[in-house]
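# Structure at a glance
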Amino acid sequence: MNGFVFDFERPIVELEKKIQGMKEYSYIENVELQDEISHLEAKAEKLRKEIYAKLTRWQRVQLARHPQRPYTLDYLQRMMPDFLELHGDRRFKDDPAIVAGVGHIRDLPVVLIGHQKGRTTREKLHRNFGMPNPEGYRKALRLMGLAAKFKRPVVTLIDTPGAYPGIGAEERGQAEAIAKNLFEMSHLPVPILTIVIGEGASGGALGIGVGDKILMLENTWYSVISPEGCAAILWRDAGKAKEAAEAMRVTAKDLLEMGIADEIIPEPVGGAHRNYDEAAKILETVITERLEELLALPTDELLEKRYRKYRKIGYWEESS
Amino acid sequence: MVWFRRKQQGVLTTEKKVLPDGLWIKCEQCGEVLYRQELERNMWVCHKCDFHFRIQSHHYILFLLDDGSFEEFYAGIKSVDPLRFKGKKKYADQLKDAVKKTGMNEAIRTGFGKINGKPVVMAIMDFSFIGGSMGSVVGEKVALATEKAMERNLPLIIISSSGGARMMEAAFSLMQMAKTAAALARFSDRGGLYISVLTNPTTGGTTASYAMLGDVNVAEPGALIGFAGPRVIKETIGQDLPDGFQRSEFVLEHGFLDIIVKRQAMKKTLSQLIDSLKGGQTAQAS
C-alpha cells in the first residue's frame, strides 16, 4: 500500500521498499538473491512485530485515523458482495455519513449500518468527515426496525470523529436522535453486533453502538471524547492530545481491560490499511461466528444478557 | 456582537460560589438588584425578568416535593477514580473537593417523595458537583432509581442539570448513557411514566440519553439544552450563533420539548401530568 506513512511506520516501509527493489533487480537481471531477500523479509517481519507490539496509545489513535484505513464501504465490498444500500430517514433526508443496508455475510442475511468517511476531499465533504447529523441516526433506527420486523441480526461498524456539532444538527435534535437509538437498541429483539473499525468518539459512536457484543479492531480507539477535545478542556491545548489519550485509556486493549469491549479483533500485521482483503476476511469470519452464537440464544435471554452487560459497567464504592 | 474580549489567555476565574452570598443579589440577566429573602420566596426566580437562577438539588426537593416527604436512597454511593485520571488536578482530589464543597457524595440525589400526596421516585442532579457531570455513579443512580420506580410502579421524575458525561471516567462515563437508556426502555416497556425535567444547563451525554427520553419532556424557561456546547459549535462552523439558540424556547419550537414551565408552577404541572397519565394507577403497586 503506498501513500501516507507515519513516522513510526517508516522503518518498516523503508525495509519493504528495499526488499521490493531487490526482488525487481533479481527478476530483471536474473540474479539469485533469494537468501538476501529471505533474510530481509525475516528482519521486516520481526521489525513489524516489534514496532506494532509497543505502539503508544496515541500511535494507535493515529493508526485508527490513517488516511488509508479501510472504511465501512471498503469492508462491505469485500464481505457483502450483495450489499444493497437503503437511503433516508423518511423524516428529513439521507445522511451520507452513515451507510445502511441489507445483504448477506457468507450465507447470513444481515442489516448492516456503519459510519462512512470519505477518502478524497470531495468525498470527505460529501460524507461530512464521518460526522452524522440526526437524520443519520434516524435512518439507522429505521433500518433496525426492518431488522426487528424481518428477524435479521444487525451489524454496526463504528468509525466516527463524533456526531456533527452544527446549528442544523441541534435544530433537528441531535441529542434526541442519539438518545432514542440507545433506548431502542437496548431492547431491539434481534442480535446486535457492534464493531469499532476506526474511531469511536463519544455519543456519535454510541448512537449506533449499543449491542450484545462490542468488538474492537486492534488499532482503534473508543472514548467519551476525542483526545484533542479532552486536551482542549483539560489543558486548553489540543496539542496535548497524546497525554489525553494516555489519561483516558482509549485503545482496544484498554477497553477490554475496562470490561467494555468483549474482544479485540487482530489486524493484518502493520494495520488494516496495509491489507484490506485480509482485514475484511478476518472481520467476516469473526462476524459470522459471533452472530451464529447470538442467533442461537432465545430472545428473552439475549435481551436479558444485553441489559446486564450495560447495567454492570462502571466503578463506585458504597458507604453507609 | 461582543464589545470586550479577554486578550490574555489562560486567565482563571476563582472558584464560583454555588449561589451568591449577601443580602442583596443582582439578577444575572436584567441586572435588577433583588432582596435575597424575597428571591428565595420566589424560588430563585427574578420577579422582574423571570430569570431562573441555577439552584441546587435541595432546593428542588423543597420546591417540588411535599414537606418532609423525601426519603433519600443510595446516598452512600461514591465515585472512585477507576482510571487514576490526572489532568491539571487528580480526579481523586477533585472528587474530595466536590464532596467537601457540596456536602453531597455525587452530582445526583435519588429518593422517594410525594407530589401533592402522590408518591413518586425522584432523581435530582446538582450542577454544583463537578458541573453535574455524569460518571459511573450518576449513571448507576439513575438506573437504580428507574428500577425502584419499576418495582413499585411509581412515576419517575428526573431533574437534569448537567454539562454532560464526565471526562475523567472516560469510556465508563460514555457507557452510562447506554445503561440509563436501557433502564428507561425496560421501565417504559412495563408502562412506567417518566417525566424528564430539563434545567439550565442540560447538554452533552446527559441530553443524549435520559434527559431527552421522557414520556413528557418539561423544561424551565431559558435553560440551555443541547447536544454540543455552543462554543464547540461556534468553533466548528466559524460563525456566531443566533440569539436564543439552544434555549428552552428554541428547543420547544423545534419539537423536542413538550412544555416549558416556570419554577413556581412546576410542582402543579408535575402533579397534573401524573394525574392525567397515571391517575388511579399509581396506588396499585403490588
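These numbers come from a predicted model, not from an experiment. Think of each chain on its own: its residues are numbered from 1, step by step along the sequence as written. To label them, take the chains in the order written and letter them from A, then take the ligands in the order written and number them from 1. Only residues with pLDDT of at least 70 get local features here, since the model is predicted, and only at 80 or more are side-chain atom pairs given and counted; chain-wide, interface and lining totals rely on the full set of residues. Side-chain measures were taken over the full set of non-hydrogen atoms in the model, leaving aside hydrogen atoms and water.

### Considering the domain arrangement of chain A
Note on interface size: it is often stated as the accessible area lost on association of the parts. Residues and elements named next belong to chain A. How far each domain reaches was decided by an automatic or database domain assignment. Looking at the assigned domains, one finds that chain A contains domain 1 (7-54) and domain 2 (61-311). Contacts are residue-level and defined by heavy atoms, with any inter-residue pair within 4.5 Å sufficient. Each partner contributes residues to the interface: domain 1 has eight residues there, and domain 2 has seven residues. Reported buried area values correspond to the accessible surface (1.4 Å probe) lost by two parts on association, with both partners' losses combined. Considering only the surface of domain 1 that becomes buried against domain 2, Phe8, Glu9 and Tyr52 emerge as the three largest contributors, covering 65% of it. Whenever a carboxyl oxygen of Asp or Glu lies within 4 Å of a side-chain nitrogen of Lys or Arg, that contact is scored as a salt bridge. Put simply, domain 1 and domain 2 have one salt bridge between them.

### Quick notes on the interface of chain B and chain A
Opposite the 59 residues of chain B that make contact, chain A presents 53 residues. Taken together, both faces of the contact between chain B and chain A bury some 4,900 Å²; the carbon and sulfur share is 71%. It is B:Met167, B:Met175 and B:Phe227 that lose the most area in chain B upon contact with chain A, and together they represent 14% of the buried surface on that side. At the junction of chain B and chain A, the tally comes to three salt bridges. A:Glu304 is the salt-bridge partner of B:Arg186, the closest N and O atoms lying 2.6 Å from each other. Between N or O atoms, a polar contact is any pair within 3.5 Å; within protein, one atom must be a potential hydrogen donor and the other a potential acceptor, and residues adjacent in sequence are included only when both atoms are from side chains. Run the count over chain B and chain A and you get 15 residue pairs in polar contact (both at pLDDT 80 or more). To qualify as a helix, a DSSP run of H or I must reach at least 4 residues; to qualify as a strand, a run of E must reach at least 2; elements of each kind are numbered from the N terminus. The set of elements that each furnish at least two residues to the side of chain B that touches chain A consists of strand S4 (77-79), helix H4 (136-152), helix H5 (170-189) and helix H7 (230-237) of chain B. When DSSP locates at least two bridges between a pair of strands, those strands are taken to pair. Across three bridges, the pairing between strand S9 (residues 316-318) of chain A and S4(B) is antiparallel. The residue of S4(B) that forms the bridge with A:Glu318 is B:Ile77.

### Focus: unusual backbone geometry
Residues and elements named next belong to chain B. For the bond running from Asn200 to Pro201, omega is -10°, close enough to zero to count as cis. The topology assignment puts Pro201 in strand S8 (residues 194-202). Its identity as a non-glycine residue notwithstanding, Tyr74 has a phi of 55°, on the positive side. Note that Tyr74 resides in the loop between strand S3 (71-73) and S4. Each residue is assigned to one of three classes by its accessible area relative to the maximum for its type, calculated with a 1.4 Å probe on protein chains only: buried under 20%, partly exposed between the two thresholds, exposed over 50%. Exposure remark for Tyr74: the relative accessible area of 25% places this residue in the partly exposed category.

### Quick look at the domain arrangement of chain B
Residues and elements named next belong to chain B. Domain boundaries in chain B define domain 1 (22-53) and domain 2 (54-284). Put simply, the middle of domain 1 and the middle of domain 2, counted by C-alpha atoms, are 24 Å apart. Taken residue by residue, the interface counts eight residues in domain 1 and nine residues in domain 2. Summed over both partners, the interface of domain 1 with domain 2 comes to about 850 Å²; 55% of that surface belongs to carbon and sulfur atoms. Contact with domain 2 buries area across many residues of domain 1, yet Met43, His52 and Phe53 alone supply 66% of it, more than any other trio. For the pair domain 1 and domain 2, the number of links is one salt bridge. Inspection of the domain 1/domain 2 interface yields seven residue pairs in polar contact (both at pLDDT 80 or more). Here the nonpolar group is Ala, Val, Leu, Ile, Met, Phe, Trp, Tyr, Cys and Pro; Asp, Glu, Lys and Arg are the charged ones; every other residue, Gly included, is treated as polar. In terms of residue class, the side of domain 1 that touches domain 2 is made up of four nonpolar, two polar and two charged.

### Some words on the pairing of strand S5 (residues 192-201) of chain A
The side chains of a regular strand alternate, first on one face of the sheet and then on the other. Residue and element names in this part refer to chain A. With 10 of 10 residues buried, S5 lies mostly within the body of the structure. Of the pairings in the sheet, the one linking strand S4 (residues 154-160) to S5 comprises six bridges and is parallel in character. Paired with Ile158 across the two strands is Val196, which belongs to S5. Strand direction decides the pairing type here: S5 and strand S6 (residues 213-217), joined by four bridges, are parallel. When the bridges of S6 are listed, Leu193 appears paired with Lys213.

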